[in-house]
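# Structural features, examined
Single-letter residue listing:
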Amino acid sequence: MSRNSINLIVCLLAIVFLGSVSGFSQDQQKEIDNSLGQAYTYLSEKNFEKAKEMFIVAGGLAVSADDWEPLLEAAQGLIVCKEFAKAKEFLHSASDMLEKSTDAHAYLALAYGMLGLPPDRRESLFPAIPLDRAYALGIQTQDWYVMSEVAKLNFALKDKSKALDALYYALTVAKSNQDPEACMTIASIYEKYHYPDKAEECRQLARLYRTEQKTALPPPPPGWSPVGESVAGPPAIDVEAGKAIRASADQQISDKREWALEQKRLDAQRQQTFYTYSYFYTYPYDYPYDGYYIYEYDDDDLRSWCDFRRSRYHYVDGWYIRIGD
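Residues numbered from 1 in each chain as written. Predicted model: local features only at pLDDT ≥ 70, side-chain atom pairs only at ≥ 80, totals over all residues. Heavy atoms only, no water.

## Points about the overall build of the protein
Rule in force here: By definition, any uninterrupted DSSP run of H or I lasting at least four residues is a helix, any uninterrupted run of E lasting at least two residues is a strand, and each is numbered from the N terminus. For each residue, the accessible area found with a 1.4 Å probe, counting protein chains only, is set against the maximum for its type, and the residue is called buried under 20%, exposed over 50%, and partly exposed in between. Residue contacts follow a heavy-atom distance rule, with two residues in contact if any of their heavy atoms lie within 4.5 Å.
Check the secondary structure of the protein and you find 12 helices and two strands. Listing every helix and strand of the protein by position from the N terminus yields α-α-α-α-α-α-α-α-α-α-α-α-β-β. When burial is assessed residue by residue, the protein has 38% of its 325 residues classed as buried. Looking at the protein alone, contacts between residues at least 24 apart form 61% of all its contacts between residues at least 6 apart.

Spelled out as C-alpha cells, the structure:
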C-alpha cells in the first residue's frame, strides 16, 4: 500500500472519530439538560426520591463531560433534597475541575455550593479558597459585581474583614466609573450587614453621580462672564486663539464621553456575565444574615425556586432542552 493511501485512510479515520466524539458530546449534553429539567419537575412536586435520582444522573454525566456548570447545579439540587453525601462528592469533583480556572463566577458558584451544605457536613471543603480566587480575579478585572458577591459570602462565613475589604474595592470601582447603580447595590449590602454610615455614603455618591450625568448646558463662549461688559458682548479675542481654546475644550469633552461610553460597555458586558451565572447564587430560602440554610424551606419557597430553575428549559417532545443550547 502506498504512503498516500495510508495517509488517506488515517485522515478518513480521524474524520470519523471526530464526528463520533462530537455526536457523543451533543447527546451527552442533551441527557444532562433533560435530567436536570426532570429533577426540578419532580422536586417541585415534592417527589424527593425521583428528584435525587435525576440529579445524580445529571451530575454523573457532567463529571464524564468535565462540565462544572451542570455538576454544581446537580450538587445544589441534591443539597435541597438533603442528599448531602453525594452533593459533597460532586462539589469535590467540581473543585478539581476548576483548579486552574480564570473564571471568577465559576469560583463564586463553587463557594455558594459549598456554603449550601450544613456547616458540620463541609469537612474537607473550604469555601474560603474559591472565594479568595474570585476576589483576586475581581480586582484584576475591576469587576464590582464579583466583589459584591465575594463580600456577601464572606459575611456568611463570618469573615467580616475580608467582606469589608471586598466592599471597599467594589466601591472604589464604582467611584472610578461614577456608577450610581453600583453604589446603590453596595449600599444595600452595607445596610444588610449593619453598616448604616457606609450605606448612606454610597447612597450620597449615587445621588451625586445621577445629578452629574444629567445633560449639562453647553459651555459659554470664550471670554464670557456673567457680570461686566461681557454681558453685552465678550471682548474681542484673537480668532486663532479662540479656535484653539474651542478645539481643546471639544477634545476634552469628546475624550470624557468616549471614556464614559467605554466604561458603560465594559460594565454591560460584566453585568451580562453576572446574570448568566446568577442562578447559582439563589436558593429556596436564604436566611438574611447568617448564611444559607437551603435545606430549611416551606412549600412556596421550594416551588418558586424549582420554577425559576426550570424556566431555563423548554419542554419539547418529551425532552427538557436548555434555552439557548
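Moving on from the model shown.
## Some points on the pattern of salt bridges
Put simply, the rule reads: Each salt bridge in this description consists of a side-chain nitrogen of Lys or Arg and a carboxyl oxygen of Asp or Glu lying within 4 Å of one another.
One pass over the full model with this rule turns up 19 salt bridges. Residue E89 pairs with K86 through a salt bridge whose shortest N-O separation is 3.0 Å. One end of the pair is E89 and the other is K86, both in helix α4 (residues 84-97) and three residues apart, which spans about a single turn. By relative accessible area, which is 22% here, K86 ends up partly exposed. Among the salt bridges present, the one from E200 reaches R203, with a minimum N-O distance of 3.2 Å. With E200 and R203 both in helix α10 (residues 196-212) and three residues apart, this pair spans about one turn of that helix. Note on E200: relative accessible area 28%, which makes it partly exposed. Classification of R203 by relative accessible area gives partly exposed; the value is 23%.

## A short note on unusual backbone geometry
In this model, S124 sits at a positive phi of 75 degrees, which is unusual for a non-glycine residue. As for its position among the elements, S124 is in the loop between α5 (104-116) and α6 (128-141).

## Considerations on the packing of aromatic side chains
Convention followed: Only the six-membered ring of Trp is used, alongside the rings of Phe and Tyr, when aromatic pairs are assigned; centres must lie within 6.5 Å, and planes under 30 degrees apart are stacked while those over 60 apart are edge-to-face, with the rest tilted. Cation placement over rings: the criterion is NZ of Lys or CZ of Arg within 6 Å of the ring centroid and within 35° of the ring normal.
All told, the structure shown has 13 aromatic pairs when counted by the stated rule. An angle of 10 degrees between the planes, with centres 4.1 Å apart, marks the rings of F155 and Y193 as stacked. You can see F155 sitting in helix α7 (residues 144-156) and its partner Y193 sitting in the loop between α9 (180-192) and α10, a full 38 residues away along the chain. The exposure classification of F155 matches that of Y193, with both residues buried. Taking the centre distance of 6.3 Å and the plane angle of 70 degrees together, the rings of Y190 and Y195 count as edge-to-face. Y195 sits in the partly exposed class, given a relative accessible area of 23%. Taken together, the aromatic side chains of Y40, F55, W305 and Y313 make up a single cluster linked through ring pairs. Of note, K30 hangs over the ring of W319, and the distance from its end group to the ring centre comes to 4.5 Å.

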